[in-house]
Structures are given as C-alpha cells and as structure tokens.
Amino acid sequence: MKTFSFTVKHTGTVKAALGRNMENIPAQFPALFSGADKVCLVTGSDAPPSLRARALALFPESTTPRFYFWLPPSEKAKTLEAAGELCSFLFRHGFSRNSLIIAAGGGAVTDLAGFAAAIYMRGINWVSVPTTFLAQIDAGLGGKTAVNLGGAKNIAGAFHQPALAVCDTAFLDSLPHAELRSGAGELAKYAMVGPASLRRAIIKHLPKAITGDKTALTACVSACAAYKLSVVASDERDETGAREPLNFGHTAGHALEALAGGRLPHGEAVARGMRAALIISRDMRLLPAPAFKKLDALIDTLRLPAAKAVRRDFDKFLALVSRDKKARGAGNRFILLESAGNPVAVENVRAPLLKKAFEGALK
Ligand SMILES: NC(=O)c1ccc[n+]([C@@H]2O[C@H](COP(=O)([O-])OP(=O)(O)OC[C@H]3O[C@@H](n4cnc5c(N)ncnc54)[C@H](O)[C@@H]3O)[C@@H](O)[C@H]2O)c1
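In this text, all values refer to a predicted model and were calculated from it rather than measured experimentally.

### Things to note about the pattern of salt bridges
In this structure the tally under the stated criterion is 22 salt bridges. Across the pair Lys-189 and Asp-138 runs a salt bridge whose closest N-O atoms are separated by 2.9 Å. With Lys-189 in helix H7 (residues 177-193) and Asp-138 in helix H6 (residues 133-139), the pair connects residues that are 51 residues apart, well separated along the chain. Asp-138 sits in the buried class, given a relative accessible area of 7%.

### Quick word on the site of the ligand
Around the ligand, a shell composed of 26 residues is seen, among which Asp-46, Ser-74, Thr-131, Thr-132 and Ser-174 lie nearest. Residue Thr-132 places a side-chain N or O atom 2.6 Å away from an oxygen atom belonging to the ligand. Interatomic distance of 2.9 Å between a backbone N/O atom of Phe-171 and a nitrogen atom of the ligand. Protein contacts shield 90% of the accessible area of the ligand, which totals 880 Å² for the unbound molecule. Listing elements by their share of the shell around the ligand, those giving two or more residues are helix H5 (107-119), H6, strand E8 (152-159) and H7.

### Brief notes about the domain arrangement of the chain
The assigned domain composition of the chain is domain 1 (2-174) and domain 2 (248-363). Using C-alpha coordinates to define each centre, domain 1 is positioned 30 Å away from domain 2. On the domain 2 side, the residues contacting the 6 residues of domain 1 number 7 residues. Of the roughly 630 Å² buried between domain 1 and domain 2, counting both surfaces, carbon and sulfur atoms make up 58%. Of all residues in domain 1, the largest losses of buried area upon contact with domain 2 belong to Leu-134, Lys-153 and Asn-154, amounting jointly to 58% of the total for that side. Taking the shortest distance from any N to any O, the salt bridge between Lys-153 and Glu-257 comes out at 3.1 Å. Inspection of the region where domain 1 meets domain 2 yields 1 residue pair in polar contact (both at pLDDT 80 or more).

### Examining helix H4 (residues 80-92)
The terminal C-alpha atoms of H4 lie 18 Å apart, and with 13 residues this matches the ideal 18 Å at 1.5 Å per residue to within 8%. Two residues or fewer past H4, Gly-94 is found with a positive phi of approximately 75 degrees.

### Some details on the state of the cysteines
Each disulfide consists of a covalent bond between the sulfur atoms of two cysteine residues. Scanning the model with the defined rule gives 0 disulfides in all. A disulfide-free cysteine, Cys-40 has its sulfur positioned 10 Å from the sulfur of Cys-87, the nearest such atom. Lacking any disulfide linkage, Cys-220 is separated from the closest cysteine sulfur, that of Cys-224, by 5.9 Å.

### Points about the sheet that holds strand E3 (residues 39-44)
Pairing in this open sheet of 7 strands is mixed, and the strands run E1-E2-E9-E6-E5-E3-E4 from one edge to the other. In this open sheet, the two edge strands, each paired with only one partner strand, are strand E1 (2-8) and strand E4 (66-71). Across this sheet, the average inter-strand angle for adjacent strands is 20 degrees, counted without regard to direction. Here 2 bridges tie strand E6 (residues 125-130) to strand E9 (residues 164-168), and the two strands are oriented parallel to one another. By the bridge assignment, Val-127 is partnered in E9 with Leu-164. Of the strands in this sheet, E3, E4 and strand E5 (100-105) touch H4, which is tilted by about 165 degrees from E4. Contacts between helix H9 (residues 214-234) and the sheet are confined to E1, strand E2 (12-19) and E9, with E1 contributing the most and set at about 15 degrees to the helix.

The rules behind each value
Residues numbered from 1 in each chain as written. Predicted model: local features only at pLDDT ≥ 70, side-chain atom pairs only at ≥ 80, totals over all residues. Heavy atoms only, no water. Salt bridge = Lys/Arg side-chain N within 4 Å of Asp/Glu carboxyl O. Helix = DSSP H or I, 4+ residues; strand = E, 2+ residues; numbered from the N terminus. Buried < 20%, exposed > 50% of the residue type's maximum accessible area, 1.4 Å probe, protein only. Near = heavy atom within 4 Å. Polar contact = N/O pair within 3.5 Å; in protein donor to acceptor, adjacent residues only side chain to side chain. Areas by Shrake-Rupley, 256 points an atom, 1.4 Å probe, with all protein chains shown as cover. Domains from an automatic or database assignment. Contact = heavy atoms within 4.5 Å. Buried area = accessible area lost by both parts, 1.4 Å probe. Expected span 1.5 Å × (residues − 1). Disulfide = S-S within 2.5 Å. Pairing = 2+ DSSP bridges. Axes fitted to C-alpha atoms, helices over the stretch in contact; angles between N-to-C directions.

Written as structure tokens, this is what we have:
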C-alpha cells in the first residue's frame, strides 16, 4: 500500500491510499475513524456483491454504529432528489457533524455521496472509495462533487475534499469491458494534457489496461492518481487555472452525454469530446497536423463502439456547449492543444468549426 498526504489551500491535509487487496483501512488511519460517532456506507444499487465484500474487507464493522444506503444505479444517482434522500436518511438515523460517509462505487456514487457530505449539516467528513477504473484515476479524487440538473451535467455541486481517498485496484477485477474502455477515455486525457513521463507510461500500459490486465491497471491508477492529486494540491478549487486542463474533452463530452440522455458512458463521451477538441485545435492552426494524427490515433486505440445513443442534433449541441459551466459567461470555452502536454483555453469557437468537430466526434 502506498499512502499520500498532501496539503490543499482550503481544506488542509488530504490523504490517499493506493494499492491492491488492502485490508482494514481504519487501522491505518485511526484518527479519522476513531473520531466518528456513526458511519454510513453508500454504494450503488447495481454494484456486484464482490464490490460490497471488498468494501467490507477495507472497512470491517466495528463498535461504531454502521448504516448502509443504496443509491439508484449509475448516473441516475446524480440528482438533487437522491442527495436529499441520503441527507434525510442520515438525519433520521441521528448522524451528527462528527459522523462519516464512506462512498464506495463509480464516479456517480462518489460525486453524489461527496455532495451529500458537503451539504449535510454544512459539511461532514467523507471517505472516497472509487471502484471503477475511471473513478480511481479521476472522479473519486479531487473533491469536486455534483449532481446533474435539467439534463445538463454537474450543474449543482460543491468542492468538498474527501478526508481520505482509497483506490484498491482489486475492485477492478469485476469491471465489465465497457467500463474499462470508459476509464481508458480519461486515461487518454492524461496522455494528452499531462507531462511527457506520464504520457509515456500511459502509451505503454493503455493497450493492456483496457483488456483488464491487473499489472497495467495498477500502474495506470498509481501514475494517474498521483498526478491528479498533485494538480489538485496546486489548484484545489479551479482558481489558478492549473486544474482547468483536466477538463480537456469535457466541454463537448458533457454535451454528447446530454444528447445521449445518459446512455453514453462518461469516458467514451470524453474520448469523443477530445476528438472534437483535437479537430478544433488543428483547424484553428494551433495543433500541427502530424501531432493531431498521433493524438487522434491514441483515441483509435480505445476502439469506441458506434455512439448510437447520441442524438445528431447540432443546434442542441451548440446550446449545450454554451451552457456548460466552464463557459464562464462566454459563448463557449474549450481546452485545446498546441501540442501534447501544452493545453490552452480558447473562448467563442465559431459554429462552423464546432459543426465539423461535432461530426468528427461522432464518426
Ligand atoms: N468529480 C470529478 O472530478 C469527476 C471526474 C470525472 C468524472 N466524474 C463523474 O463520474 C461519473 C462516471 O463515473 P464512472 O465511469 O465510474 O461510472 P458510474 O459511476 O456510472 O459506474 C458505472 C457502472 O459501473 C458499476 N461498477 C462500479 N464499480 C464496479 C466494480 N468494481 N465492478 C463492477 N461494476 C462496477 C456501477 O454500478 C455502474 O453500473 C460521471 O457522472 C462523471 O460526471 C466526476
């Protein structure tokens, strides 16, 4: 087990543990767990039994009263109603400001349970236990919590760091191929915007990771989680701009997710959103054609299935990219690339360019 402790501006110290088949996490972090008067383990209702068994190995029952709460499956969990139901459940069972939420699941579970932890009694401690590839390299780390509203992604939310994040790659043994591929979408993102050493590691491990190879997955989680935590440490709340490149592919990606009515896995949407951003980067003459070809080929390695669920409605796409919260009042705002590892934010990309990118993203 590798442990990290890092200091972030608003929260102070945040801890993380990475490994495979870890056990009894409270014994490793006694201060956090012995101070809790009650614990609620939150998981998704469609989680496989092995997920719950692994979560119990990580967090064995103790004398601290333990409660269990199941969220609706996947993206259906990310609603204000579900957050309200979880908060009401905590209140009914006497949870106080000294209580603890443990969120074990994919990014939908960690986003929702983290959001409930942010608003319940104006904020209680939570432990993030990401169980998908995507969540272990991205969603379960960094303290961004949110729900969707009006069909748009992550519109209401809060920054609320987990006191501890636990990434155990044994969870990934039960992950279906489609979820591994979705995680590989966010993995490719780090290769596009991250430093050269991370890019080399990802290019080496991605082909095996996507087949479920345990060593490759553990290597990717270890490298990407450490990188993401270092970025979060330098820009906890998106204030300095250091964190913004991690949104590469997300402006168009979130719009495609909305056009698919939640039936496009997040990482696949991001991969298609990255393809759109690469096309815009090339056509605005920011990214030279050879670099475009190389980076676009990385997206090809994901072998994305046809995006049948996405409505081919460009006008709606246009409206969605302008409504994305990253637009910051501009018509739209995209992270583009000048070269691998050199992202740049560009506002008000024109509609004809966006049309070409939209079509290219769905090819
Ligand atoms: N907060 C952030 O910084 C951030 C970053 C990226 C993505 N996200 C969010 O994360 C969400 C996507 O997360 P995701 O890709 O993990 O999808 P998900 O949470 O929807 O989970 C996908 C499916 O995998 C199942 N699952 C989870 N763990 C499993 C396991 N170990 N074995 C078998 N099945 C398992 C779930 O039950 C679910 O059906 C999106 O809502 C996205 O917006 C958040």
